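Fold and contact review
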Amino acid sequence: MKTIFCCCYILLVCLVSSCSNAQRTSVEIQKSVADKKILIVYLSRTNNTKAIAEIIHKNVGGKLVALELEKPYPEEYKVTVQQVADENETGYLPPLKTKIDSIEKYDVVFVGFPTWGMKLPPPMKSFLKQYDLSGKTIVPFNTNAGYGVGSSFETVKHLCPNSKVLEGFSTKGGVERDGILFVMKAEKEKQVQTEIKKWLQKINLIKN
């Protein structure tokens, strides 16, 4: 009887200790996230990636910045596709109009972009090469036409060798080729909001 009592007592102590540690870990994570300075940089042509960036911003706070070029891409889709293909082939990095002051003060940098030609868009390459992100946590997010991220997330890792790159988020956006532009509304928006919250919880970067 004493043996059974002792076993039950030890089990109870372990459970209490485990719950206490879990609660403490959760509090520490939330405090850690609250203390971090966050920057959200995004490139968006049809506003789908912009919508994702804004949802992330509502959940993590920080500064939200749209990536703009000194010379914007043409409005015509096919012309832009060819220009981007040429830039990827030659390694050309389009100059950015967007300037970010004191980037060294940020701990976490979210980078958002659409998939272009199954690759990371040249303007985002410009950003990642222009700024020193060493020692920072980088978090990619993406919208695409249904074909996935391609090599874009791997390119982010390649261009940020001295940063910690976390698991990224991706969702299907519009299909500009077919004239389907902004889709982040109604049920699609609600679905994506839920998915983003789960993703941010998984990587421990959500603010309560």
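Residues numbered from 1 in each chain as written. Predicted model: local features only at pLDDT ≥ 70, side-chain atom pairs only at ≥ 80, totals over all residues. Heavy atoms only, no water.

1. Notes on the overall build of the protein
In plain terms, the rule: A run of H or I in DSSP counts as a helix once it spans at least four residues, and a run of E counts as a strand once it spans at least two, with each numbered from the N terminus. Working definition: with a 1.4 Å probe on protein chains only, accessible area under 20% of the residue-type maximum means buried, over 50% means exposed, and in between means partly exposed.
The helix and strand tally for the protein stands at six helices and six strands. When its helices and strands are written in sequence order, the protein yields α-β-α-β-α-β-α-β-α-β-β-α. A total of 208 residues make up the protein; the buried ones form 41% of that total.

2. Brief notes about the pairing of strand β4 (residues 137-144)
Keep this limit in mind: Here, strands pair whenever DSSP counts at least two bridges between them.
Among the eight residues in β4, eight count as buried, and that is most of the element. Both faces of β4 are covered, namely the face carrying Thr137, Val139, Phe141 and Thr143 and the face carrying Ile138, Pro140, Asn142 and Asn144. One ladder, built from seven bridges, connects strand β3 (residues 108-114) with β4; its direction is parallel. Bridging across to β4, Phe110 finds its partner in Val139.

3. Description of helix α6 (residues 186-202)
Put simply, the rule is: Expected helix span is given by 1.5 Å per residue-to-residue step, counting one fewer step than there are residues. Think of the arc as the fan of directions from the helix axis to the C-beta atoms. Contacts between residues were defined by any pair of non-hydrogen atoms, one from each residue, lying within 4.5 Å.
For α6, built from 17 residues, the straight-helix expectation of 24 Å at 1.5 Å per residue is met to within 8% by its first-to-last C-alpha distance of 25 Å. Residues of α6 that are buried include every one of Lys188, Val192, Ile196, Trp199 and Leu200, and no others. One side of α6 holds all its buried residues, which, seen down the axis, span an arc of 95°. Across from the buried face of α6, at angles greater than 90 degrees, the exposed residues are Glu187 and Lys198. Packing partners of the buried residues in α6 comprise α2 (48-60), β3, β4 and β6 (169-172). Where α6 ends, the next residue or the one after it, Asn204, has phi of about 60°, a positive value.

4. Overview of the nonpolar core
The criterion, for reference: Nonpolar cores were defined as sets of buried Ala, Val, Leu, Ile, Met, Phe, Trp, Tyr and Cys residues, with membership established by side-chain atoms within 4.5 Å.
Among the nonpolar cores identified, the biggest contains 28 residues, and Ile100, Val111, Met124, Phe127, Leu128 and Leu133 are the most heavily contacted of them. Not counting the four nearest positions on each side in its chain, Phe127 is found in contact with Val41, Leu67, Leu96, Ile100, Ile103, Val109, Val111 and Leu133. Ranked by size, the runner-up nonpolar core spans 24 residues in total, among them Ile38, Ile52, Val108 and Ile196.

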